[in-house]
Amino acid sequence: MRIGILGPLRVTGAHIRGARLRVLLIRLALEPGRVVAAERLTGDLWEEPPANPAAALHSLVSRLRRELQRGLPGAVVSHPAGYLLDVPPQEVDAAEFERLVRSGRAERDPRRAAVSLRSALSLWRGEALCDAADLPFARVAAARLEELRLSALEARVAADLALADAAAAGALVAELEELVAAHPLREPFHALLMRALRAAGRRGDALEAFERVRRRLADELGVDPGPELRAAHLEALREASPAAAVRAVRRNVPAPVTSLVGRREDVARVRGLLSAARLVTLTGPGGAGKTRLAVEVAGGLTAASGVWLVELASAGNSADVAAVVRATVPRAAPEPDGDVAARPAASPLDALVEALAGRELVLVLDNCEHVVDGAAAVAERLLAGVPGLRILATSREPLDVPGEHLHPVRPLALPDDGVSAARALEFPAVELFAARASAARPGFTVDDSVVADVVAVCRELDGLPLAIELAAARLRSFTVRQLAEAVGERLTLRGGRTAGPRHRTLRAVIDWSWGLLSPGERVALRRLSVFAGGATAEAALRVCGADLETVACLVDKSLVVVAEPDGPADRGARVRYRLLETVRAYAAERLEEAGEARAVRDRHLGFFLETAEASEPGLRTADQLRLLAMLDAERGNLDAALGHAVRTGQERPALRLFTARLWAWTVRGRGDEAAGWARAIRAAPGDAAPPGLEVPHMVCVLLASDGPYASPEALRVVEESGHPVALWAWVVGVRPSGGGADHWRRALAAMRAFGDHEDPWARATALLMGGIGEFEYGRAGARAAEAWLREALAGYRALGERWGLSLTLYWLSLAAENRGDAAEALALLEEAAELAGLIGGLEAVPVPLMLRVRLAQLRARTGDVAGAERELERAREVAVRTGDRVAAARVRQAAGEVARRRGALGEAEGLLVEALELAGGQAGVPEQFLATVHVELARVRAERGDREAAWRSLRSALRSSGRAGDETVRAMVLEAAAEWCAGGGDLSRAALLAGAARTLRGLDGVLGMRVDGTARVRSRG
């Protein structure tokens, strides 16, 4: 479904911003493929028409087309009479819903009808047309769709009921009871409820249901039941015996005292499973909320002989299970004493089967894990001997009984960091925290001032409902910030006075599971705590000695979580096993108590040192993406291993692991992370390099230094090492620290020395560095730089190494832009951005925001203004996220150029002035950037006819370019000055300035260079 309006508006591949745009798309989607008259659209979209309705509608349609450019390009089509949404009706959920409902109603086979109607109802995601709910057209259409939904629901239940046996009819009763509660005057639902009760063998309840609705219709509407209700009543009367009487459903399931948060889908799935299966087991770690979910599910179940919650926490051993069940479920009728005396002695389980035989009931076997063998034996025997029985069990491991269906109860979903409070509250973990916290501290709300700490608390607690509830209760005496800082002590969080012993603290929750483990399982669990972020089966075996069978047992007992790979198989994704952080903290304490911590962490260090060193050469080959994905998956373990080496003074493995990770850090654009580890390693006592590790030691010295000149000796060792990776990593790490042009030239010269290296990657990188150096500092001209870069490009393509390829394409795009070929520059930059995304996002390319800005500028220069604006929107998001004023200024400068190119000169001038204001007074603002802003401002003012103001901007640009010392920027300023001269009729001076600009760009001898602006100047120089 490409367009969804049966709920919040959803468009595949696009995000529609702006309420009016969403309303327009919804209105068109109500009639896909049909022209909607412009006058009708205007009347539907605006309750008070705008001053110029046609222009307003045209502007709105244009904006919508831009928003749909990616997801549905060309979908909104103009017509002389109005506009239409040019998509097939089946691509709009509302139209497809109506088609499926018609098909289901026409189908005579109830099974096929149910399938079609269920498919139709699955398309609903909330309130129809909710984005346009305040407008009359939407209210009318939504009411019609809602009525159709209810009638489809009636038809689907009727089809299901036609196929249902007694057990399935009982499940439908629960659904229909919810529907009649929500729609108390809708007679078809009441009639279906009566038929479902009768099919489930509950004729008395069916008759009582009729009496309830009859009274309500009379009291509220003054009418009698309609023909459908009367027919259902007559059917029940004909089958009822004279002794039939109204029965109350018997149960001992407690009424919940708090709301169940975030488990709506779980409740629906478990009820669905119980309608088809007779044994469903809820599994999951302690504190996940299995019992609470079971109580919620059981509250909606009915059975002739009741729904009974059997608490097994007090069962001392497996043999007690049958006795606890027998004590919980009342006998059907008193047994005559004579029968008891005459009956031969039977086992407790035999007696239980006999007592329940012939009855229809539901048992909820709660907390089976410590008596799992007995619970399994009882469940298997009862299911075989009591056909009317269904069982819902909760356990930290499966019962492993034939016919068992499992439903894992997972932790609640968590938001990412950096989300707003409104977005965070859409996630169940935060919603639960907010609900329980407001109960503990009246007036508490999750707003943007506390959301970061709330998310941190919920994440540290793994999204476990019990842990979140215990933490939220602490707000009686803590602030949210204090709670976030203290959440590392999670195991001591304490529950209320009425909580059971196993749920008083998180430690008690895990103590319970620990006590049920075998000795071998305890060893494996405590050793697995050394892994950060999980472990593969091989890592668990090598580090912990835990074979796959032992790990599988821990998975079954909900102490180890299986994380399925979510990447493509060709990236080497493998199944991983991890501990929830709460369990990991507990197991780490047990590891320390056992005296094994140092030895296991040493093995962990050794394993991941071997892993990193084995993968390092492949990072510069076509195998790069797979290995980067693997190293990303192991990032937590690699950090833990390196941290252990540093803390325990193991300098050799620390340096080796640092060196093995260096290229991955470089490719991912994580120079700060590399420098942080370098400083940590350098903080260890001793300045001498370990024998054989002089180069890694010196790279650490360089990257840990505050300035580029801190250690000339370290720089000499790295330059002479013959180690291109080390040198390049140093170049990337040092350049931002402000070493200056001389320092950069020295690095380039050292890198170019690898031109005849035996490693093809080193040779390609030497060519890349030669091209960069020639482009920025050389005297041979830009054409020579481009030749170096194209040769490097060929080398990287032959290797299949995407990082070098991306960087080379980036610099080639600068070269193409330098000679005025915006189309080629754009093509090269687009390929660079695509490759950068493959290897880890645009952070892998120098200054990711600048890449977006350049893409926007080049798109605008090639005529794609809409594409330019999309790129600028992404760049704005980066700038807002970082809070960087200079970044925001760069975005406004580019937006100013785009606005000028689409003729919005006033808007352009305002954006450029804002760019200067944002950059003003900021430390480290490049003079090159200021010169660029002044040049663009000069062009805007010249096009507005204010040549004097344009000249003042040009003078400011000249001053900034003089301070920058950048020949390309000087060329740009001279070109703008040439345009200004040409605009005033001084063509000879314009030609002179254009020729000088060409020389600065290294393009001597190339005729016909284009000068941007209103004039075009051909140089003869």
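To keep things clear, this report deals only with the structure shown in the data block.

The rules behind each value
- Residues numbered from 1 in each chain as written.
- Predicted model: local features only at pLDDT ≥ 70, side-chain atom pairs only at ≥ 80, totals over all residues.
- Heavy atoms only, no water.
- Phe/Tyr/Trp six-rings, centres within 6.5 Å; stacked < 30°, edge-to-face > 60°.
- Helix = DSSP H or I, 4+ residues; strand = E, 2+ residues; numbered from the N terminus.
- Buried < 20%, exposed > 50% of the residue type's maximum accessible area, 1.4 Å probe, protein only.
- Pairing = 2+ DSSP bridges.
- Salt bridge = Lys/Arg side-chain N within 4 Å of Asp/Glu carboxyl O.
- Axes fitted to C-alpha atoms, helices over the stretch in contact; angles between N-to-C directions.
- Parallel < 35°, antiparallel > 145°, perpendicular 65-115°, else oblique.
- Left-handed = near helix turned anticlockwise from the far one by under 90°.
- Contact = heavy atoms within 4.5 Å.
- Nonpolar A, V, L, I, M, F, W, Y, C, P; charged D, E, K, R; others polar.
- Polar contact = N/O pair within 3.5 Å; in protein donor to acceptor, adjacent residues only side chain to side chain.
- Arc of directions from axis to C-beta.
- Patch = residues over 30% accessible without salt bridge, like charges linked within 9 Å, V, L, I, M, F, W, Y side chains within 5 Å.
- Areas by Shrake-Rupley, 256 points an atom, 1.4 Å probe, with all protein chains shown as cover.
- Lys, Arg positive; Asp, Glu negative; His and termini not counted.
- Charge placed at Lys NZ, Arg CZ, Asp CG, Glu CD.
- Core = buried A, V, L, I, M, F, W, Y, C linked by side-chain atoms within 4.5 Å.

**With respect to the packing of aromatic side chains**
For any two aromatic rings, the description comes down to two numbers: the centre-to-centre distance and the angle of the planes. Counted by the stated rule, this structure contains nine aromatic pairs. A ring pair is formed by Trp-514 and Tyr-586, whose centres lie 5.9 Å apart and whose planes are at 65°; its orientation type is edge-to-face. Taken together, the residues span a long stretch of sequence, with Trp-514 in helix α22 (residues 506-514) and Tyr-586 in helix α26 (residues 581-593) at a distance of 72 residues. Assessed through its relative accessible area of 9%, Trp-514 is described here as buried.

**Things to note about the sheet that holds strand β4 (residues 76-79)**
Working definition: the strands of a sheet are paired by backbone hydrogen bonds and lie parallel or antiparallel to each other. The strand order across the open sheet formed by three strands is β3-β5-β4, and the pairing between neighbours is antiparallel. Edge positions in the open sheet fall to β3 (36-37) and β4, since each of these has one partner strand only. Bridging between β4 and strand β5 (residues 82-85) involves four bridges; their strand directions are antiparallel. Residue pairing in the sheet places Val-77 in a bridge with Leu-84 of β5.

**So, the pattern of salt bridges**
Taken as a whole and assessed by the stated rule, the structure comprises 73 salt bridges. Shared partners join several salt bridges into a network, and the residues in it are Arg-27, Glu-31, Arg-34, Arg-40 and Asp-44.

**Topic: the packing of helix α42 (residues 885-901) against helix α44 (residues 927-943)**
Two numbers describe a pair of packed helices, the interaxial angle and the distance between the axes. At their nearest, the axes of α42 and α44 sit 10 Å apart, and the two run at 25° to each other. Judged on the interaxial angle alone, α44 and α42 are roughly parallel. The two elements α42 and α44 cross, and the hand of that crossing is left-handed. Counting all contacts with α42, which are made through Ala-889, Arg-890, Gln-893, Glu-897 and Arg-900, the residues of α44 involved are Phe-929, Thr-932, Val-933, Glu-936, Arg-939, Val-940 and Glu-943. Counted by class, the contact of α42 with α44 contains four nonpolar, two polar and six charged residues.

**Description of the pairing of β5**
Sheet topology places β3 next to β5; two bridges connect them, and they run antiparallel. Across the sheet, Ala-37 pairs through a bridge with Gly-82, a residue of β5. Two successive antiparallel strands, β4 and β5, enclose a turn made up of two residues.

**Topic: helix α20 (residues 465-473)**
Within α20, seven of the nine residues are buried, leaving the element largely enclosed by the surrounding structure. Looking only at α20, the buried set comprises Pro-465, Leu-466, Ala-467, Ile-468, Leu-470, Ala-471 and Ala-472.

**Observations concerning the side chain of Glu-67**
Its place among the elements puts Glu-67 in helix α3 (residues 53-67). A polar side-chain atom of Glu-67 sits 3.1 Å from a polar atom in the side chain of Arg-17.

**Comments concerning the packing of helix α6 (residues 136-163) against helix α8 (residues 187-199)**
α8 packs onto α6 with a crossing angle of 15° between their chain directions and a minimal axis gap of 11 Å. Here α6 is positioned roughly parallel relative to α8, judged by the angle of their axes. Crossing of α6 over α8 shows left-handed handedness. The segment α6 lies against α8, with Leu-150, Leu-153, Glu-154, Val-157, Ala-158 and Leu-161 engaging Pro-188, Phe-189, Leu-192, Arg-195, Ala-196 and Ala-199. Class assignment of the residues belonging to the contact of α6 with α8 gives a composition of 10 nonpolar, no polar and two charged.

**Some words on helix α24 (residues 537-544)**
Within α24, the full set of buried residues consists of Ala-539, Ala-540, Val-543 and Cys-544. The buried residues of α24 all sit within an arc of 100° when viewed along its axis, so they share a single face. Gly-545, located one to two residues past α24, shows a positive phi value of around 70°.

**A word on the environment of Ala-976**
Here Ala-976 is to be found in helix α46 (residues 967-983). Spatially, the C-alpha atoms of Ala-976 and Ala-957 are 9.6 Å apart, while their sequence positions differ by 19 residues. Leave out the neighbours within four places in its chain, and Ala-976 touches Val-935, Arg-939 and Leu-954.

**Structural notes on a negative patch on the surface**
On the surface, a cluster of negative charge is contributed by Asp-400, Asp-547, Glu-549 and Asp-556. Within the secondary structure, Asp-400 is located in the loop between β9 (389-395) and β10 (404-408). Residue classification places Asp-400 among the exposed residues on the basis of a relative accessible area of 68%.

**Structural notes on the pairing of strand β7 (residues 307-311)**
For a regular strand, the rule is simple: side chains alternate between the two faces of the sheet. Counted residue by residue, β7 has four buried out of five residues, so it is predominantly covered. Pairing of β7 with strand β8 (residues 361-366) involves five bridges; the strand directions are parallel. Bridge assignment links Val-310 to a residue of β8, and that residue is Leu-365.

**Considerations on the sheet that holds β8**
Strands sit in the order β7-β8-β9-β6-β10 across an open sheet of five strands; the sheet is parallel. A single partner strand is all that each edge strand has here, and the edge strands are β7 and β10. Ignoring strand direction, the axes of neighbouring strands in this sheet form an average angle of 20°. Where strand β6 (residues 279-283) meets β9, five bridges bridge the pair, whose relative direction is parallel. From the neighbouring strand, Val-280 faces β9, where its bridge partner is Leu-392.

**Section: the side chain of Ser-813**
Here Ser-813 shows up in helix α38 (residues 802-818). On the basis of relative accessibility, which here comes to 0%, the residue Ser-813 falls in the buried class. Setting aside residues up to four positions removed in sequence, Ser-813 forms contacts with Ala-825, Leu-828, Leu-829 and Arg-854.

**Some words on the nonpolar core**
Counting residues in each nonpolar core, the largest one holds 154 residues, and the members touching the most others are Leu-392, Phe-433, Phe-444, Val-454, Leu-525, Phe-531 and Phe-658. It is helix α30 (residues 651-667) that contributes the most residues to this core, 10 residues altogether. Non-local contacts of Phe-444, meaning those with residues more than four positions away in its chain, are made with Phe-433, Ala-437, Ser-438, Val-450, Val-454, Leu-475 and Val-480. One finds Val-92, Phe-189, Ala-209 and Ala-232 within the second-largest nonpolar core, a separate group that totals 77 residues.

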